[in-house]
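This is what each chain is made of:
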Amino acid sequence: ANKESDEISSGLTKAQNDRMMFLIENNLKSDIAKVRKESVRDLGILYKTRPNFAVVNALKETVYTDDNIFVLIEASKSLLSIGVWDCAALEIVLQAIKYGSQDLRFSLLETLRGSSNPDTMNKQSVQFRVLQGLLLNLIRRGSHIVRREESAGPTFTLPAQTPTLMDELEQEQDRLKQRADNDALAAHAALVCATFLIVDKEVEACLLHLLNEGTEDLQCWSLVALVKKLNYHSPEVITSCLSQMKGAVKCESRSAAASLIVDLKQAIEDNGLSQQVFDGLQVMLYDDCSREVRQTVAKVISSLGLHAKMLQVVVRKLDDINEDVRGQGVMSLSILGIKGKSLLNQLLDILELDSSIFVRIQVMRAVKELNIADRRVIRLLKERAKGSGPMCKEAQLALYALTGETE
């Protein structure tokens, strides 16, 4: 298996190198601007999987010699995305942010936010100061800033044609679209500021606003930026972190929020929220639909030094009179892990004697997920695999996963 994997890896490496050389030696020299533009874009993507100095040199040469503005912008984006902070490329990107269309600005801000090695950029350079000014200017256009309209006093104008209802609706639609575009640009500009560790009150205010008003992705990115980049650990951020961990639709967002709790540990203790966080993590161990998220929660619990305390709470659930609570305890153990024969014997007693089919099925799933191939486990599974019904099918699945047999 290792030999086949090495062969596949070497084959991919050769194919990637061949593709790079073809783009550099052929497509970059094409007379068609669109071909050159796609080439510099593909080179930036290929560099991230297989770094090669030939790619950097080719992109730099394009930035300094090409005569097409779209090719120049794409080459500059590729350079910045791989963490090469070339002065000419930065100048092109800055001009494009200043004078470009809304879509182009979004694309450039997204490139800067996801760029490699943002910490290596020279913060004393003229380009960085210009970038900082452009970003703060975009943030100030957001609707989160309260603006006071100053009265200019009475004005006298000649009678004009009264606008129709349709004209007013179109004007209002244009205003709403412009406001939405400004808000989106402000949000991405604030995230870029956090990426480059630009600490400013306006940046923090915009990111805090996004925690309440932004889309789920913006809320997740803002939370990570505030906690990891700006070290902003207020009670509001902690509350947003817990809320996202429990209520986000995407499992990636819930997992990211759970991971941030480790960084917020000291702030959680200082604000007296330790028990609230503990209770939230306890629920996530069994209540989340994604096993990856539950595993992340288990790692967070270990990092916070709460594994022993959480295990005590979970084990007590196994003796509860309510079958739902017992099932929750078993599901939590399947993530926390089973250490010691006494706990395993307790689970096997539940598998053998519990009155609830639901709880016994959860035990079968737990031993399968934890890969516990104990002799008693195999014997009990073989007994439950005979017959029909949901418990029989679950026993067959667990038995096959552990031994390769179904009976």
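Residues numbered from 1 in each chain as written. Predicted model: local features only at pLDDT ≥ 70, side-chain atom pairs only at ≥ 80, totals over all residues. Heavy atoms only, no water.

A. How the structure looks around helix H4 (residues 69–81). Given a rise of 1.5 Å per residue, 13 residues ought to cover 18 Å, and the 18 Å separating the end C-alpha atoms of H4 matches this to within 8%. Of all the 13 residues making up H4, 11 are buried; the element is thus mostly covered by neighbouring parts of the structure. Val 71, Leu 72, Ile 73, Glu 74, Ala 75, Ser 76, Lys 77, Ser 78, Leu 79, Leu 80 and Ser 81 are the residues of H4 that are buried. Of the surrounding secondary structure, the elements contacted by the buried residues of H4 are helix H2 (33–49), helix H3 (53–65), helix H5 (87–99) and helix H6 (102–113). In this structure Asn 68 caps H4, since a side-chain oxygen of it lies 2.9 Å from the backbone nitrogen of Phe 70. Gly 83 sits one or two positions beyond H4 and adopts a positive phi of about 90°. (Helix = DSSP H or I, 4+ residues; strand = E, 2+ residues; numbered from the N terminus. Expected span 1.5 Å × (residues − 1). Buried < 20%, exposed > 50% of the residue type's maximum accessible area, 1.4 Å probe, protein only. Contact = heavy atoms within 4.5 Å. Polar contact = N/O pair within 3.5 Å; in protein donor to acceptor, adjacent residues only side chain to side chain.)

B. Summary view of the state of the cysteines. Under the defined criterion, the tally for this structure stands at 0 disulfides. For the unlinked cysteine Cys 206, the closest cysteine sulfur is that of Cys 193, found at 8.9 Å. What makes Cys 206 buried here is its relative accessible area of 2%. With no disulfide partner, Cys 289 has as its closest neighbouring cysteine sulfur the one in Cys 251, 7.4 Å distant. The class for Cys 289 is exposed, based on a relative accessible area of 74%. (Disulfide = S-S within 2.5 Å.)

C. Region of the structure containing the nonpolar core. Residues Ile 97, Phe 196, Leu 207, Ile 261 and Leu 281 are the most contacted members of the largest nonpolar core, which totals 118 residues. With 9 residues, helix H8 (residues 165–195) is the largest single contributor of residues to this core. With sequence-adjacent residues up to four places away left out, Phe 196 is seen in contact with Trp 85, Leu 112, Ser 115, Pro 118, Met 121, Lys 123, Phe 128 and Leu 131. (Core = buried A, V, L, I, M, F, W, Y, C linked by side-chain atoms within 4.5 Å.)

D. Representation of the packing of H8 against helix H9 (residues 201–213) in the model. Between H8 and H9, whose axes approach to 9 Å, the crossing angle comes to 120°. Regarding the angle of H8 to H9, the classification is oblique. Remark: the crossing between H8 and H9 carries left-handed chirality. For the pair formed by H8 and H9, the contact residues are Ala 186, Ala 187, Ala 190, Leu 191, Cys 193 and Ala 194 on the first element and Val 203, Cys 206, Leu 207 and Leu 210 on the second. Taken together, the residues that form the contact of H8 with H9 break down as 10 nonpolar, no polar and no charged. (Axes fitted to C-alpha atoms, helices over the stretch in contact; angles between N-to-C directions. Parallel < 35°, antiparallel > 145°, perpendicular 65-115°, else oblique. Left-handed = near helix turned anticlockwise from the far one by under 90°. Nonpolar A, V, L, I, M, F, W, Y, C, P; charged D, E, K, R; others polar.)

E. Highlighting a nonpolar patch on the surface. On the surface, Leu 165, Met 166 and Leu 169 cluster together into a nonpolar patch covering about 340 Å² of accessible area. Following the sequence through the fold, Met 166 ends up in helix H8. (Patch = residues over 30% accessible without salt bridge, like charges linked within 9 Å, V, L, I, M, F, W, Y side chains within 5 Å. Areas by Shrake-Rupley, 256 points an atom, 1.4 Å probe, with all protein chains shown as cover. Salt bridge = Lys/Arg side-chain N within 4 Å of Asp/Glu carboxyl O.)

F. Spotlight on a negative patch on the surface. Judged by side-chain charge, Asp 167, Glu 168, Glu 170 and Asp 174 come together as a negatively charged surface patch. The residue Asp 167 is located in helix H8 in this model. Classification of Asp 167 by relative accessible area gives partly exposed; the value is 33%. (Lys, Arg positive; Asp, Glu negative; His and termini not counted. Charge placed at Lys NZ, Arg CZ, Asp CG, Glu CD.)

G. Examining the packing of aromatic side chains more closely. Within this structure, the stated rule accounts for 2 aromatic pairs. Between Trp 85 and Phe 196, the aromatic rings sit 5.6 Å apart at their centres with planes inclined by 70°, giving edge-to-face as the arrangement. Residue Trp 85 is located in the loop between H4 and H5, and its partner Phe 196 is located in the loop between H8 and H9; the two are separated by 111 residues in the primary sequence. Judged by relative accessible area, Phe 196 falls into the buried class, the value being 1%. Aromatic pair Phe 128 and Phe 196: ring centres 6.5 Å apart, planes at 70°, arrangement edge-to-face. Residue Phe 128 is located in helix H7 (residues 126–140), and its partner Phe 196 is located in the loop between H8 and H9; the two are separated by 68 residues in the primary sequence. (Phe/Tyr/Trp six-rings, centres within 6.5 Å; stacked < 30°, edge-to-face > 60°.)

H. Main features of the pattern of salt bridges. A complete count under the given rule lists 18 salt bridges for this structure. For Arg 254, the salt bridge is made with Asp 288, and the minimal N-O distance between the two is 2.6 Å. Separated by 34 residues along the polypeptide, Arg 254 in helix H12 (residues 251–263) and Asp 288 in the loop between helix H14 (274–287) and helix H15 (291–303) bring together distant segments of the chain. Of the residues examined, Arg 254 reaches a relative accessible area of 5% and is grouped as buried. Between Asp 349 and Arg 376 there is a salt bridge; the shortest N-O distance is 2.8 Å.

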